[in-house]
Amino acid sequence: MKLSLVIPLYNEEKVFPSLRTELARFMQILGAQAEVEVILVNDGSRDETWSQIMAFAKADPRVKGVGLSRNFGHQIALYCGYRLATGDAIVSLDGDLQDPPEVILQLWEKWRQGADVVFAVRKQRHGESAFKLFTAHWFYKLMSRLADTEAPLDCGDFRLLSRRALDALLRMGDQQIYLRGMVGWIGYNTATVEYDRPARVAGETKFNLVKMIRFALDGIFSFSQFPLRLCLILCVAATVPFLYYLARAFYLKFTGSHDLVPGWTSLLLCIIAFGCINIVALAILGEYVGRIYDAVKQRPLYYVKDLTSPEVITAASQRKND
Ligand code: UDP
Ligand code: MG
């Protein structure tokens, strides 16, 4: 039995020493029960993260490091790590120790009981701004309503996947990587484990408002066609006042009581309403067209710049062939 841990890292030099200590301790605890491999993905950090990864990999052969050619974002860094993982069970977690390694033992236990996908659900979150908690809460609510896929509420990217679940995920071939949605889409036996999410050990969050919005839009537009349906609903809803004014105009015409000037406001409102609906509908269509355009270009999702040792890639490709 082999367990892979996949950890994306972006400018985490401040956290890395604690991460290293915690991982070493975790590997010692698990060492008796299973073989462990740790895959550290450097997502184009501009600080000392990569040299720290190299030092760790040099000291411990179970640690493998891969460096991307630039910052591609958390989801893609994680996806790269998933591709390189060779374990029978694969756990993805954040590098800032907000996903505590001891919870992995619970995930692992559920996997041994037959689960393919084990979500670590946050019971409580410490050290997050009220704004982040509020937006996250509503985002997950909205997603669970809109999305054509099922993902548990308030669940990040801390999860375990069995080998077959990960293989299924890697075969999806999505060009917009939104792992929470993708994991919900593949199905298989799922289970959950609850935990308290602690605050970051050091450093600061890499998700600013713009990144959060982009991430939310990726989630919505990759996994839901509701926005397209919304255009239709808006158009249908807008015909109601239109029909009302049409009927009223006919009525006034035939009863002979013209009120051209009093009708000015309603006319203007109609024009504005229809104008807005057109623009909104076009914008929503534009979002999908943009994503289709990205998908048809078929670009690689990322480039690898550094490896701590060439075996990182050969081990993964051998796994695919067997
Ligand atoms: N991360 C990454 N690339 C990015 C942003 C973040 O690899 O572009 C990593 C980061 O180093 C951390 C994990 O993703 O290990 C989660 O990021 P963060 O803690 O900033 O997110 P938050 O917990 O605030 O949602
Ligand atoms: Mg964090």
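Residues numbered from 1 in each chain as written. Chains lettered and ligands numbered in written order. Predicted model: local features only at pLDDT ≥ 70, side-chain atom pairs only at ≥ 80, totals over all residues. Heavy atoms only, no water.

Undergrad: Teacher, can you tell me more about helix α6 (residues 163–171) here?
TA: Helical periodicity: at 3.6 residues per turn, an α-helix aligns residues three or four positions apart in one direction. Along α6, the positions that sit buried rather than exposed are Arg163, Ala165, Leu166, Ala168, Leu169 and Leu170. The positive-phi residue at the C-terminal boundary of α6 is Gly173, with phi of around 70 degrees. (Buried < 20%, exposed > 50% of the residue type's maximum accessible area, 1.4 Å probe, protein only. Helix = DSSP H or I, 4+ residues; strand = E, 2+ residues; numbered from the N terminus.)

Undergrad: In this structure, what is going on with the site of ligand 1? I would like to understand it.
TA: Around ligand 1 there are 19 residues in total, and Glu12, Asp43, Asp96, Thr205 and Lys206 lie nearest to it. Between ligand 1 and Asn71, the relevant distance is 3.1 Å, taken from an oxygen atom to a side-chain nitrogen or oxygen of the residue. Of the residues belonging to the shell around ligand 1, the class tally is four nonpolar, six polar and nine charged. (Near = heavy atom within 4 Å. Polar contact = N/O pair within 3.5 Å; in protein donor to acceptor, adjacent residues only side chain to side chain. Nonpolar A, V, L, I, M, F, W, Y, C, P; charged D, E, K, R; others polar.)

Undergrad: Hey, could you run me through the coordination of the magnesium ion (ligand 2) in this one?
TA: Protein ligation of the magnesium ion (ligand 2) involves Asp96 (OD) and Gln98 (OE1), the donor distances falling in the range 1.9 to 2.0 Å. Across this residue pair, the class does not change: Asp96 and Gln98 are buried. (Donors = N, O, S within 2.8 Å, 3.2 Å for Na, K, Ca; no water.)

Undergrad: Where do I start with the nonpolar core in this structure?
TA: A general feature of soluble globular proteins is that nonpolar side chains tend to end up buried together. Formed by 44 residues in total, the largest nonpolar core has its most connected members in Tyr79, Tyr82, Leu179 and Tyr302. Counting residues per element, this core draws most heavily on helix α3 (residues 74–84), which supplies seven residues. Look past the residues within four positions of Leu179 in its chain and what remains in contact with it is Gln75, Leu78, Tyr79, Tyr82, Asp157, Arg159 and Leu169. (Core = buried A, V, L, I, M, F, W, Y, C linked by side-chain atoms within 4.5 Å. Contact = heavy atoms within 4.5 Å.)

Undergrad: Just to check I follow, could you spell out the environment of Pro310 for this structure?
TA: For Pro310, the position within the fold is in the loop between β8 (304–307) and α11 (311–321). Looking at Pro310, the relative accessible area reads 58%, which means it is exposed. For the pair Pro310 and Val66, spaced 244 residues apart in sequence, the C-alpha to C-alpha distance is 9.7 Å.

Undergrad: What should I look at first to understand helix α4 (residues 101–112) in this one?
TA: Helix length check: α4, at twelve residues, gives a terminal C-alpha distance of 17 Å against a target of 16 Å (1.5 Å per residue), a fit within 8%. Within the sequence span of α4, burial applies to Pro101, Val103, Ile104, Leu107, Trp108 and Trp111. For α4, the arc enclosing every buried residue in end-on projection is 150 degrees, short of the 170-degree limit, so these residues lie on one face. On its buried face, α4 sits against β1 (2–9), α1 (16–31), β4 (89–92), β5 (117–125), β6 (159–162) and β7 (190–197). Looking one or two places after α4, you find Gly114, whose phi comes out positive at around 115 degrees. (Expected span 1.5 Å × (residues − 1). Arc of directions from axis to C-beta.)

Undergrad: Would you take a moment to explain the sheet that holds strand β3 (residues 63–68) for this structure?
TA: Through backbone hydrogen bonds, the strands of a sheet pair up, either in parallel or in antiparallel fashion. A sheet is described by the order of its strands in space; here eight strands give the open sequence β7-β5-β6-β4-β1-β2-β3-β8, paired in mixed fashion. Of all strands in the sheet, those bounded by a partner on one side alone are β7 and β8. Averaged over neighbouring strand pairs, the angle between their axes works out to 20 degrees when direction is ignored. One ladder, built from four bridges, connects β4 with β6; its direction is antiparallel. Note that in β6 the partner of Val91 across the bridge is Leu160. Helix-sheet contacts for α4 involve β1, β4, β5, β6 and β7, and the interaxial angle to β7 is about 170 degrees. (Pairing = 2+ DSSP bridges. Axes fitted to C-alpha atoms, helices over the stretch in contact; angles between N-to-C directions.)

Undergrad: How should the packing of aromatic side chains be read in this particular structure?
TA: Two numbers describe a pair of aromatic rings. These are the distance of the centres and the angle of the planes. If you walk through the whole model with that rule in mind, you get five aromatic pairs. Measuring from ring centre to ring centre gives 5.3 Å for Phe158 and Tyr195, while their planes differ by 90 degrees; the resulting arrangement is edge-to-face. Taken together, the positions of Phe158 in the loop between α5 (130–146) and β6 and Tyr195 in strand β7 put the pair 37 residues apart, joining distant regions of the chain. One Lys or Arg, Arg70, reaches over the ring of Phe72 and ends 4.0 Å from the middle of that ring. (Phe/Tyr/Trp six-rings, centres within 6.5 Å; stacked < 30°, edge-to-face > 60°. Lys NZ or Arg CZ within 6 Å of the ring centre and 35° of its normal.)

Undergrad: Would you explain the packing of α1 against helix α2 (residues 49–59) in this entry?
TA: For any two helices packed against each other, one specifies the crossing angle of their axes together with the interaxial distance. Here α1 crosses α2 at 25 degrees, and the two axes come no closer than 11 Å. One way to sum up the angle between α1 and α2 is to call them roughly parallel. α2 is crossed by α1, and the crossing has right-handed handedness. In contact with Phe16, Pro17, Arg20, Leu23 and Met27 of α1, α2 contributes Gln52, Ile53, Ala55, Phe56 and Ala59. Across the contact of α1 with α2, the residue classes break down as eight nonpolar, one polar and one charged. (Parallel < 35°, antiparallel > 145°, perpendicular 65-115°, else oblique. Left-handed = near helix turned anticlockwise from the far one by under 90°.)

Undergrad: Could you clarify how one ought to interpret the pairing of strand β2 (residues 35–42) in this entry?
TA: The two faces of a sheet get side chains in turn, since along a regular strand they alternate between them. Within β2, seven of the eight residues are buried, leaving the element largely enclosed by the surrounding structure. The sheet contact formed by β1 and β2 spans eight bridges and is parallel. Each residue of the ladder has a partner; that of Lys2, found in β2, is Glu35. Each parallel crossover has a hand, and for β1 linked through α1 to β2 it is right-handed. Of the pairings in the sheet, the one linking β2 to β3 comprises five bridges and is parallel in character. Paired with Asn42 across the bridge in β3 is Gly67. (Right-handed = clockwise from strand over helix to strand, strands pointing away.)

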